[in-house]
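Analysis of the macromolecular model
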Amino acid sequence: IALSSGNGLISRTLSEKYGVKCTLIDPNPRCYNKRYSKDDSRYLPPFDVIAEPLNGNGELLQSKGGPIRKTIRNCSLIIGLHPDQATEPIVELALSLRVPFAIIPCCVMPSLFPYRIQRISKEPVRSYSSFCQYLLDLSPSPPENEFETANLQFEGRNKVIFWKPRRTKVNLTRSEQDE
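Residues numbered from 1 in each chain as written. Predicted model: local features only at pLDDT ≥ 70, side-chain atom pairs only at ≥ 80, totals over all residues. Heavy atoms only, no water.

1. Concerning the overall build of the protein chain
In terms of helices and strands, the protein chain carries six helices and seven strands. Counting from the amino terminus, the protein chain carries its helices and strands in the arrangement β-α-β-β-α-α-β-α-β-α-β-β-α. Dimensions of the protein chain, computed from the C-alpha atoms along their principal axes, are close to 55 × 40 × 30 Å. Nonlocal contacts in the protein chain, meaning residues at least 24 apart in sequence, comprise 51% of its contacts between residues at least 6 apart. Approximately 10300 Å² of the protein chain is accessible, and the part contributed by carbon and sulfur atoms is 52%. Distance between charge centroids for the protein chain: 2 Å, based on 24 positive and 19 negative side chains. (Helix = DSSP H or I, 4+ residues; strand = E, 2+ residues; numbered from the N terminus. Contact = heavy atoms within 4.5 Å. Areas by Shrake-Rupley, 256 points an atom, 1.4 Å probe, with all protein chains shown as cover. Lys, Arg positive; Asp, Glu negative; His and termini not counted. Charge placed at Lys NZ, Arg CZ, Asp CG, Glu CD.)

Set out below in structure tokens:
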């Protein structure tokens, strides 16, 4: 699942270049090929799109049931490239589903998220570095794997925070598979 990547570049690349089945979740997706009419199959992206926001840990989105719930519960990786307001929800959703995630945080948005407080200093999260530390502080306790970071080889905000859970995710029950 690629979250809040409105133009779908991650999903498009993974789908077309590597044959990975992807779903884009974004409240305002901008991934349709406007050179073609909506009646033309080339208008549609080569991946699924769920035009919904992700809030909290994704419970509200999953409560919609049916294909949306099944897609989320069956995902094997969650990716967010500069996902703005969805950054923290991506982490929370990945933790709740026990699936790996990779995010490249960007915008801090302290006025939208005044509750974000540094764990050790108790200071509000107002800078990029404090936001990254805030996200790293969401890492689960041992014996679970901690979050990791790496710097990618491009200019700008290039820090990726990622996690691969030690234990596997929760699978769908038989009744959920039949929805």
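2. A short note on the nonpolar core
Ranked by size, the top nonpolar core spans 29 residues in total, and within it Ile72, Ile78, Ile90 and Phe101 carry the most contacts. Secondary structure elements with two or more residues in this core: α3 (66-73), α4 (87-97), β5 (101-104), α5 (128-136) and β7 (159-163). Sequence-distant contacts of phenylalanine 101, that is, excluding residues within four places in its chain, are made with Leu77, Ile78, Ile90, Val91, Ala94, Phe147, Ile161, Phe162 and Trp163. (Core = buried A, V, L, I, M, F, W, Y, C linked by side-chain atoms within 4.5 Å. Buried < 20%, exposed > 50% of the residue type's maximum accessible area, 1.4 Å probe, protein only.)

3. Some details on helix α1 (residues 9-18)
Turning to α1, its buried residues number three or more, namely Ile10, Ser11 and Ser15. Around the axis of α1, the buried residues are gathered within 120° of arc, so they sit on the same side. Exposed side chains of α1 directed beyond 90 degrees from the buried face belong to Leu9, Glu16 and Lys17. The secondary structure elements touched by the buried residues of α1 are β1 (2-3), β2 (23-25) and β4 (78-81). (Arc of directions from axis to C-beta.)

4. Some words on the side chain of glutamate 144
Structurally, the position occupied by glutamate 144 is in the loop between α5 and β6 (148-151). Note on glutamate 144: relative accessible area 7%, which makes it buried. A polar side-chain atom of glutamate 144 sits 2.4 Å from the main-chain amide nitrogen of arginine 166. (Polar contact = N/O pair within 3.5 Å; in protein donor to acceptor, adjacent residues only side chain to side chain.)

5. Remarks on the packing of α4 against α5
At a closest axis distance of 11 Å, the pairing of α4 and α5 adopts a crossing angle of 15°. One finds that α4 runs roughly parallel with respect to α5. Classified by chirality, the crossing of α5 by α4 is right-handed. Of the residues in α5, those touching α4 at Thr87, Glu88 and Val91 are Phe131, Tyr134 and Leu135. Residues belonging to the contact of α4 with α5 are distributed by class as follows: four nonpolar, one polar and one charged. (Axes fitted to C-alpha atoms, helices over the stretch in contact; angles between N-to-C directions. Parallel < 35°, antiparallel > 145°, perpendicular 65-115°, else oblique. Left-handed = near helix turned anticlockwise from the far one by under 90°. Nonpolar A, V, L, I, M, F, W, Y, C, P; charged D, E, K, R; others polar.)

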